[in-house]
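Residue-level structure breakdown
The residues making up each chain are set out below.
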Amino acid sequence: MAFERSGGEGGGEREGEGEGDTTILEPGTFVELRRTTTSTNAIILSSSYTSRALTYYSLTSKGEIWTHLKDDVYFDVPGFVRDQGGLIRRCGGGEGEEVLQIAETKSQLEARVEVLKRLKEVEREVESAMNVVMSRQAIDIYRLLSERIKWAETTVGEVAKILGPTNRKHTEPRILPTHSPIKTPTFYQTLAAHKYLLANSLYFVPAHDYSTSRKVRVRPREDVEMIQAVDGWVREGEGNPLEGFIDKVRSMGSTLLTWTPTDQSIIKFLIKALKPSYQAQGDPYLLGVQYIIKKVYRDVDDVTDEVLHRLLVGIGAFAPWQDLTEIRAIAEGELYLGKPGGTVLGPEDFYPTDPAREIRYDFGDMPVYVIDDVGAKELDDGISVEPTLDTNEIWIHIHIADPTSLLPPTHGLAKEAEKMTESMYLVHRFFPMLPTSFTHHPQHGFSLGCTGTSQPTLTFSVKLSLDTAQIVEYKVRAGVVKNLVVLSYDQVDSLLGFDKPKWESPFGAGGEESVSSSADAESDQQNLALLYKASQALVRKRFDDGVFIQSRPITRLGGIDWPLSPSPILGFPITTTDTPVSKYPYTDHPFFRVAPGKKPLTQQYLTQYYTSSQHTLDAHSRSLVAECMKLASRACSMFCRDRDVPVLRRWAGAPMVSGESGLAELLDARNEGGYLIWDEHGSNNSGWHLAGKHILGDSSAGYSLDVRGHWGLGVPEHEGYVRCTSPLRRYIDLLVHWQVKSALINEGAKTNSTISTTSSTHIFSSTYLSSFATKHKASERFRKRIAGQHEAWWAICWLMRFVEVCKRMGMEMGGLGEWYEFTESSMMMISSPSSSPSSLSTLPSFFPSSSPSFLSLPTPNPFTTLTATLSGPPEPNRDSKKWQAAVHLTALGIKAVLVEGRGKGKSGECFLFLFLF
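Each chain carries its own residue numbering, running from 1 in the written order of its sequence. Per-residue local features of the predicted model are confined to residues with pLDDT of at least 70, and side-chain atom pairs are confined, for both listing and counting, to 80 or more; whole-chain, interface and lining totals are unaffected and use all residues. Hydrogens and water molecules were not included; the side-chain quantities draw on all heavy atoms of the structure.

As recorded by an unreviewed UniProt entry, the protein carries the name RNB domain-containing protein and is attributed to Lentinula guzmanii.

Structural data, given as structure tokens:
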């Protein structure tokens, strides 16, 4: 088990819905491909689905056929080689077919030669442009664009303008600030600027959305000088300033250390080295980090970020509760988590009065059920039900918190929310998109139930047929709700008669305890039962329409006593003066403290780790709420459709399946909720096995201004789906509220002359929304990846400490004599224990060494019967050439990679489980 990434084509499981750019590169597109630091120019010839991902076949400028993914493309120009006379098709490989490395016919060979001529022409022009670029000093361009302490930002286009030739003749070296940039760079100049920027990783780093924005981040001059200083010390050899720091680190535990200003500079360098990884560039920190790590830990072969992180935690430079994902994301400013403190700006910037006050519909004493997890931070939706004269039809009212009753899109808080994209829920911390002083104000707050009085809502009402699960009628209104009934999911489950826990503890006895409900009025039970009946009608409708969803294991940590203080600022507590620092403050903080409770200490520790699955969680009360939110999103789309209001809709297509017989097998393998689930015994008829066998490509998804369906949610093509139910935690929902409210107010003004219209047009134009969609999807993908890595980090941290304890006790961890060796960044399954413990097994275990808890470790222990469920076919790793396969360790609720053994035992007999990070 490790924190490593998969490192190549094989092994990484790809999420199904909407993960990545949905744009398909057509044959004839010019692309620049990058793998690690190797780049080549190529023309796309064909594409096909392999291992549920779209794989491209491209002819490179060296005449080779490369197979690659869209993520390997860093620069593309569609239609560069036109398929006149079938030129591209004659290169070999029709639509959906593999292209062979060697041309089979004379016609194929001639076609490839013709394409290569055009590639060579590109390379000559780009080389000429690069000569102009390289004639100018990189440091001069960098000085023009950089700042001293903060990261700056530029684009490839701006750099191309600066670097491009002008009519001015220069007989002496130029100073770039006086250089007049060209107005419109050519394709060749833009490509040359792109290559120049990515080749100079010391100065320039591509942004996370580089493929769509072409944004480049400019490293601070202070950081560049630090890297150059450390590299210079490394080249000095023995006796350089790094040696004293290394000696101190190696002596930790035997003496009280004092970090000199030079030591602090080195620590700051190491902290900065924990940056996001960019496979397209070389790492400017690599030389210094490898030198220090290999001197400190002489038995380390692979220097990874995880080893470096462990060193920094060990010396106290990082708090143990500050995980590597958070550090990586924040280090270069890529993950924006809002301004410290979250102070609300002056009231003069808000709406002076509620713009929709004249059109609000009062829902009176109708009960509004606000259902969420215990301890949920942002309660932004509630549900009501209203019978009709027809017993087969009911009105469902979905009431959504309405911060736009006070907050205009021009307000500073709105601009901060746009930058942040959405609230960030970490295992140990919470970063709200809107400050809690605004959303939870005791008199004017918007989180439902926080004021104890009536609150404004944007309400989406749907009349639903219980027989057909079809929407018969819809209404969208600005509303006021008064009778708020706040319940947890567990309480609603109890009211509905579902008491089975949704989470299990694989290391402890049983799962979470059931929670009884305090709201047991008969009317509440009847209303919730009616809502549940409606939700299951919608689930059955989706099932009948042939929708299937692949369930996945899920894990979470609970019952941990996290520190009250927030994570330290990066680099804290390094001083800004020449004062030595005698000690960092975090060296003694234990991992995974338990919260005070009634259970025995050992049981509290062992029940911190919980597992579940999508199909288990998406049931009962959670299914009730989820189905109602989908109805609101459909009603919102239809409201905007019928009034020509421009709005972004979320769409998703059906996955690609091998054929009619394969689809039939998948549909037969679903459970009653439409999920494909795994079989612990590895049955060939399990949903997971059949998904791997028959699903060729996952569902693609995106945002569109047009009305489009959403296959996975069962939304018809004529309705559409608009995210609108979480305006307190998602900016795109907040944007939709402004747009819908504007239409409602203008519509009301037509029938009531006392109502003031917001404007003659919509607040956000179609042009703005199209541009916003591109940026938002890239940000959404980035944050989703960060969240997944963060959750995996803490799950694996907990497991590694558990195995460390078992190893120190000499406990056998496998049913067939296997042991798990705990190393600096992984757990390796081996045939027998090593003769000496790893020198890096120094982090505090979560059991005190003298505790009798050592004698009562858990029964059952999932490691003794650990099995892996394949989630993709085995493939060779692109870098190591070892065979590997993506798997799920269902008993532990996490993803992993099963990798061919590395020299232990006979070839093919020993495997490593590497957890994906």
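Alright, that's what it looks like, and here's the rest.
We now examine the overall build of the protein. Think of it this way: any DSSP run of H or I at least four residues long counts as a helix, any run of E at least two long counts as a strand, and we number them from the N terminus. Broken down by element type, the protein carries 23 helices and 32 strands. Only protein chains enter the accessibility calculation, which uses a 1.4 Å probe; a residue is then buried when its area is under 20% of its type maximum, exposed when over 50%, and partly exposed in between. Residue burial in the protein is summarised as follows: out of 917 residues, 54% are buried. Only heavy atoms enter the contact rule, under which two residues are in contact if any of them lie within 4.5 Å. Looking at the protein alone, contacts between residues at least 24 apart form 71% of all its contacts between residues at least 6 apart. Every accessible area reported is derived by Shrake-Rupley at a probe size of 1.4 Å, with residue values counting cover from the shown protein chains alone. When the accessible area of the protein is evaluated, it comes to approximately 40,300 Å², of which 51% is carbon and sulfur surface.

Moving on to the side chain of Q491. With respect to the helices and strands, Q491 occurs in helix α15 (residues 489-496). Polar contact is the term for a pair of N or O atoms within 3.5 Å; when the atoms are in protein, one must be able to donate a hydrogen and the other to accept it, and sequence-neighboring residues count only if both atoms are side-chain atoms. Side-chain polar atoms of Q491 contact the backbone nitrogen of S488, separated by 2.9 Å.

Two elements in contact, helix α7 (residues 221-236) and helix α10 (residues 286-296), have axes whose closest approach is 8 Å; the angle formed by their N-to-C orientations is 50°. One way to sum up the angle between α7 and α10 is to call them oblique. The crossing of α7 and α10 is left-handed. On α10, the residues touching V230, D231, V234 and R235 of α7 are L287, G288 and Y291. Asp, Glu, Lys and Arg are counted as charged, while Ala, Val, Leu, Ile, Met, Phe, Trp, Tyr, Cys and Pro are counted as nonpolar; the rest, among them Gly, fall into the polar class. Residues that form the contact of α7 with α10 fall into these classes: four nonpolar, one polar and two charged. As a rule, the C-alpha atoms of each element are fitted with a line to give its axis, helices using only the stretch in contact, and angles between N-to-C directions run from 0 to 180 degrees. Orientation labels follow simple angle bins: below 35 degrees gives roughly parallel, above 145 gives roughly antiparallel, 65 to 115 gives roughly perpendicular, and whatever is left gives oblique. Each helix crossing is assigned a hand: it is left-handed if the near helix lies turned anticlockwise from the far helix by less than a right angle, otherwise right-handed if that turn is clockwise.

On to the packing of α10 against helix α11 (residues 305-314). The axes of two packed helices give the description: the angle between them and the distance between them. Running from N to C, α10 and α11 cross one another at 65°; their axes reach a closest spacing of 11 Å. Relative to α11, the element α10 lies roughly perpendicular. The element α10 and its partner α11 pack so that their crossing is left-handed. Counted together, V289, I293 and V296 of α10 and V307, L308 and L311 of α11 form the full contact between these two elements. For the contact of α10 with α11, a count of residues per class yields six nonpolar, no polar and no charged.

The phi torsion at H620 lies on the positive side, around 55°, for a residue other than glycine. Tracing the chain through its elements places H620 in helix α19 (residues 620-642). Phi is positive for D644, close to 55°, though the residue is something other than glycine. With respect to the element layout, D644 can be found in the loop between α19 and β21 (649-652).

This part is about the environment of M134. As for its position among the elements, M134 is in helix α2 (residues 106-134). Taking relative accessible area as the criterion, M134 reaches 54% and is therefore assigned exposed. Taking the C-alpha atoms as reference, M134 lies 9.9 Å from A192; in sequence the two are 58 residues apart.

Turning next to the environment of L119. Relative to the assigned elements, L119 resides in helix α2. The class of L119 is buried, set by a relative accessible area of 1%. In the structure, L119 is positioned 39 residues away from F80 in sequence and 9.8 Å away in space, judged by C-alpha atoms. In this structure L119 touches F30, N41, A42, I43, L59, T60 and S61, once residues within four positions along its chain are discounted.

Before going further, it helps to spend a moment on a nonpolar patch on the surface. A grouping of Y49, M656 and L696 is seen on the molecular surface, where their side chains present a nonpolar patch of about 240 Å² in accessible area. Counting through the fold element by element, Y49 comes out in strand β2 (residues 38-50). The partly exposed category is assigned to Y49, whose relative accessible area is 34%. Any residue with relative accessible area above 30% and no salt bridge may belong to a patch, with like charges joined within 9 Å and the nonpolar Val, Leu, Ile, Met, Phe, Trp and Tyr side chains within 5 Å. By definition, a salt bridge exists where a carboxyl oxygen of Asp or Glu is found within 4 Å of a side-chain nitrogen of Lys or Arg.

Among the six residues of strand β1 (residues 30-35), six are classified as buried, and the element is accordingly described as predominantly covered. Side chains F30, E32 and R34 of β1 all project onto a buried face; the interleaved residues V31, L33 and R35 project onto the opposite face, where all are buried too. When DSSP finds two or more bridges between two strands, those strands count as paired. As paired elements, β1 and β2 share six bridges and run antiparallel to each other. Within the sheet, the bridge partner assigned to V31 lies in β2 and is A42. Linkage of β1 to β2, two consecutive antiparallel strands, is achieved through a turn of two residues, within which T36 is found at a positive phi near 50°. Pairing geometry for β1 and strand β5 (residues 73-77), over four bridges, is antiparallel. Paired with V31 across the two strands is D76, which belongs to β5.

Quick look at the pairing of β2 now. Along a regular strand, successive side chains alternate from one face of the sheet to the other. Across eight bridges, the pairing between β2 and strand β3 (residues 53-60) is antiparallel. Paired with S47 across the bridge in β3 is Y56. Hairpin remark: β2 followed by β3, antiparallel, with two residues in the connecting loop; positive phi at S51, about 50°.

So, on to helix α8 (residues 241-250). Listing the buried residues of α8 in full gives L242, E243, F245, I246 and V249. Projected down its long axis, α8 shows its buried positions confined to an angular sector of 165°, all on one face. Between the side-chain oxygen of the N-cap and the backbone nitrogen of L242 there are 2.7 Å, and the N-cap of α8 in question is N240. The arc in question is the one spanned by the directions pointing from the helix axis to the C-beta atoms.

To continue, consider the packing of aromatic side chains. In this scheme Phe, Tyr and Trp rings, the latter by its six-membered ring, pair at centre separations within 6.5 Å, and the angle between planes marks the pair as stacked below 30 degrees, edge-to-face above 60, and tilted otherwise. Applying the stated criterion to the full structure yields 25 aromatic pairs. Taking 6.2 Å as the distance between ring centres and 40° as the angle between the ring planes, the aromatic pair formed by F75 and F187 counts as tilted. Pair noted here: F75 is in strand β5 and F187 is in helix α5 (residues 187-199), with a separation of 112 residues, a long-range link. Charge-over-ring contacts are defined here by two conditions on Lys NZ or Arg CZ: a distance within 6 Å of the ring centre and an angle within 35 degrees of the ring normal. Between R477 and the ring centre of Y361, over which it is positioned, the NZ or CZ distance is 4.5 Å. Over the ring of Y610 we find R556, and its NZ or CZ is 4.9 Å from the ring centre.

Put plainly, a disulfide is one covalent bond tying together the sulfur atoms of two cysteines. Cysteine sulfur pairs qualify as disulfides if the two atoms are within 2.5 Å. Within the structure shown, the criterion is met by zero disulfides. Unpaired in this structure, C636 has its nearest cysteine sulfur neighbour in C724, at a distance of 4.1 Å. Classification of C636 by relative accessible area gives buried; the value is 0%. In this model C640 remains outside any disulfide bridge; the closest cysteine sulfur is found in C636, 4.5 Å from its own.

Taking strand neighbours across the sheet as the criterion, the three strands line up as β6-β8-β7 in an open arrangement whose pairing is antiparallel. Whereas interior strands pair on both sides, the edge strands pair on one side only; in this sheet they are β6 (152-155) and β7 (204-206). With direction set aside, neighbouring strand axes in the sheet form an average angle of 35°. Two elements, β7 and strand β8 (residues 215-218), share three bridges in a ladder whose sense is antiparallel. When the bridges of β8 are listed, F204 appears paired with V218. Helix α4 (residues 156-163) rests against β6 and β8 of the sheet, and its axis sits at about 75° to β6.

Using the criterion set out here, one finds 30 salt bridges in the structure. Where D71 meets R781, a salt bridge forms, and the shortest distance between an N and an O atom there is 3.3 Å. You can see D71 sitting in the loop between β4 (65-68) and β5 and its partner R781 sitting in helix α23 (residues 766-808), a full 710 residues away along the chain. With a relative accessible area of 27%, R781 lands in the partly exposed category.

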